[in-house]
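Structural overview for review
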Amino acid sequence: MSILEFYKGKKVFITGHTGFKGSWLSYILLRAGAEVTGFSLCPLTSPSLFECMGLEKDMWSVTGDVADLQALSKAFQEAKPEIVLHLAAQPIVRESYKNPVMTYQTNVMGTVNILECVRNCGGVTSFLNVTTDKVYKNREWEWGYRENEELCGYDPYSNSKSCSELVTYSYQNSFFTDKDIAISTARAGNVIGGGDFAADRIIPDCFRAALHAKDIIVRNPHSIRPYQHVLEPLMAYLTITARQSGRKELAGNYNIGPDEVDCIPTGELVDLFCASWQKYMVQRPAWIDQSDKGPHEANYLKLDCAKYKKTFSWKPVWHIDKAVDKTVEWYSAYAAGENVKAVMEEQLNEFAEDMGNE
């Protein structure tokens, strides 16, 4: 995993570091020898991966809201980062219907604020804004969306991330064309992995139900999503920020998702979860199709990742069956009170080995 050698000794600033993906990312960067500063609200779930890992003692962790420009600027100026990864977001579709104002404040103004920090503080060579596959206007196509498709998310979450993309585009063209700063966005598919405890996400919902021997409620078993293990997009993010540093021609908008064979219905994903849970925990959970008549969610969503594959000579490492199995391995270890940090260490090593063998 030679790409991680780039980060040894580098000053890296992460927004949203206390979240699920942010915690995994912080751990990887710390392991690579980076000097990591995180800026985020306190973990929004209890338990949280950030607390399970005890990451606060290993990095400079600043508690704050990305919608607060003054607080963000203070932390940014003190950190003096070279690399910036913007992950902070209100990431739940259903929550965005309940709290649209907060969703837009975080996802749009948070992006404005972090780009203001990059603009006003020298030293940054590489910036990545992490958005979502849901930024596209969903036409329920059977083929994957490409980076040049129309941006127009339907719900407040998806739409706010479309706006975040547009903010990044505007800042890049208005303020950074004559500066040696490479700016990209990464539109990732649905991410699974150990340590996600969020509400209204299918794998955490599966874990909570299975842990208490209850039926898993699946709202939309026929909806198709580009599911991938969390290590896939995180390594993609780190590849982009490393490779574009000093090479602005590599900057751009990139889809990050699995091959088409791993874009599967949610019901099939739950079947894989149940089989893996039985492997680790003996008892096989059951699931039921039960719509809760909630707000609109897309039925069909795929990404065309040809641009990222061609630019960085990349292909996915773990197919969906292994991605689910590694996810359940983490949750089973957590349920048994085992050392989840050791599990993550082993999984990262295995991912690196598999990536090297591709």
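Note that this is a predicted model, so its numbers are computed, not measured.

Taken as a whole, this structure holds 20 salt bridges when the rule is applied. A salt bridge links Glu-345 to Arg-31; the shortest N-O distance between them is 3.1 Å. Of this pair, Glu-345 sits in helix H12 (residues 340–357) while Arg-31 is found in helix H1 (residues 20–31), placing the two residues 314 residues apart along the sequence. Look at Glu-345 and you get partly exposed, because its relative accessible area is 30%. Owing to a relative accessible area of 35%, Arg-31 belongs among the partly exposed residues under this scheme. Here Arg-208 and Asp-205 are joined by a salt bridge, their closest N and O atoms 2.8 Å apart. Residue Arg-208 and its partner Asp-205 are located together in helix H7 (residues 202–211), separated by three residues, close to a single helical turn.

Next up on the list: H7. In terms of burial, H7 is largely enclosed, as seven of its ten residues are buried. Burial in H7 covers these residues: Ile-202, Ile-203, Pro-204, Cys-206, Phe-207, Ala-209 and Ala-210. Along its buried surface, H7 packs onto strand S7 (191–192), strand S8 (216–218), helix H9 (266–281) and helix H11 (320–335).

Now for the packing of aromatic side chains. Aromatic rings in a pair are described by how distant their centres are and how their planes are angled relative to each other. For the structure shown, the criterion picks out 21 aromatic pairs. On the numbers, 6.2 Å between centres and 90 degrees between planes, the contact of Phe-197 with Tyr-331 is edge-to-face. Here the residue Phe-197 occupies a position in the loop between S7 and H7, and Tyr-331 occupies one in helix H11, the gap between them amounting to 134 residues. The pair Phe-197 / Tyr-331 is uniform in exposure class, with both members buried. Clustering of aromatic rings is evident, with ring pairs tying together Phe-197, Phe-207, Phe-273, Trp-277, Trp-330, Tyr-331 and Tyr-334. The side chain of Lys-10 reaches across the aromatic face of Phe-6, ending 4.3 Å from its centre. The ring centre of Phe-175 lies 4.3 Å from the NZ or CZ of Arg-119, which sits over that ring.

One can find Asp-133 in the loop between strand S5 (126–130) and helix H6 (156–175). When its relative accessible area of 1% is taken as the criterion, Asp-133 is described as buried. A polar side-chain atom of Asp-133 sits 3.0 Å from a polar atom in the side chain of Thr-132. Excluding anything up to four places from it in sequence, Asp-133 contacts Arg-187, Ala-188, Gly-189, Asn-190, Pro-226, Leu-301 and Leu-303.

The subject of this paragraph is H1. Helix length check: H1 (twelve residues) gives 17 Å between terminal C-alpha atoms against 16 Å at 1.5 Å per residue, within 8%. Burial analysis of H1 places ten of its twelve residues in the buried class, which makes it a mostly covered element.

The next thing to look at is the pairing of strand S2 (residues 35–40). Across the six residues of S2, five count as buried, placing the element largely inside the fold. Pairing geometry for strand S1 (residues 11–15) and S2, over five bridges, is parallel. The residue of S2 that forms the bridge with Lys-11 is Glu-35. Taken together, S1, H1 and S2 constitute a β-α-β crossover, and its handedness is right-handed.

Here Asn-148 lies in the loop between S5 and H6. A relative accessible area of 64% means that Asn-148 is categorised as exposed. Sequence separation between Asn-148 and Tyr-136 is twelve residues, and the spatial gap between their C-alpha atoms is 9.5 Å.

In this section: the packing of helix H5 (residues 100–120) against H6. Across the interface, H5 lies against H6 with an axial gap of 9 Å and an inter-helix angle of 20 degrees. The angle between H5 and H6 places the two elements in the roughly parallel class. Crossing of H5 against H6: the hand is right-handed. Residues Pro-100, Thr-103, Tyr-104, Asn-107, Val-108, Thr-111, Val-112, Leu-115, Glu-116 and Arg-119 of H5 pack against Pro-156, Tyr-157, Asn-159, Ser-160, Lys-161, Cys-163, Ser-164, Val-167, Thr-168, Tyr-171 and Phe-175 of H6. Of the residues assigned to the contact of H5 with H6, the class counts are eleven nonpolar, seven polar and three charged.

Procedures and definitions
For every chain, the first residue of its written sequence is number 1, and the numbers climb from 1 along that sequence. Where local features are concerned, this predicted model is filtered to residues with pLDDT of at least 70; where side-chain atom pairs are given and counted, the filter is 80 or more; whole-chain, interface and lining totals use all residues. The basis for every side-chain value is the complete set of non-hydrogen atoms in the structure, without hydrogens or water. Salt bridges are defined by distance alone: a side-chain nitrogen of Lys or Arg within 4 Å of a carboxyl oxygen of Asp or Glu. Numbering of helices and strands starts at the N terminus; helices are DSSP runs of H or I of at least 4 residues and strands are runs of E of at least 2. Accessible area is worked out with a 1.4 Å probe on protein chains only. A residue is then buried under 20% of its type maximum, exposed over 50%, and partly exposed in between. A contact between two residues is defined here by any heavy atoms of the two lying within 4.5 Å. Two aromatic rings, drawn from Phe, Tyr or Trp (for Trp, its six-membered ring), form a pair once their centres lie within 6.5 Å of each other, and the interplanar angle then sorts them: stacked below 30 degrees, edge-to-face above 60, tilted otherwise. Either the NZ atom of lysine or the CZ atom of arginine qualifies as a charge over a ring when it sits within 6 Å of the ring centre and within 35 degrees of the ring normal. In the analysis that follows, any N or O atom pair within 3.5 Å is treated as a polar contact, provided that within protein one partner can donate a hydrogen and the other can accept it, and provided that, for residues neighboring in sequence, both atoms belong to side chains. How far a helix is expected to stretch is found by multiplying one less than its residue total by 1.5 Å. Following DSSP output, two strands are said to pair if at least two bridges run between them. By convention a crossover is right-handed if, when the strands point away from the viewer, the path from the first strand over the helix to the second runs clockwise. What counts as an axis is a line fitted to C-alpha atoms, over the stretch in contact for a helix, and the angles between N-to-C directions run from 0 to 180 degrees. Working rule for angles: under 35 degrees goes down as roughly parallel, over 145 as roughly antiparallel, 65 to 115 as roughly perpendicular, anything else as oblique. With the far helix as reference, a near helix turned anticlockwise by less than a right angle produces a left-handed crossing, and one turned clockwise produces a right-handed crossing. In the scheme used here, Gly and all other residues not listed as nonpolar or charged are polar, with Ala, Val, Leu, Ile, Met, Phe, Trp, Tyr, Cys and Pro taken as nonpolar and Asp, Glu, Lys and Arg as charged.

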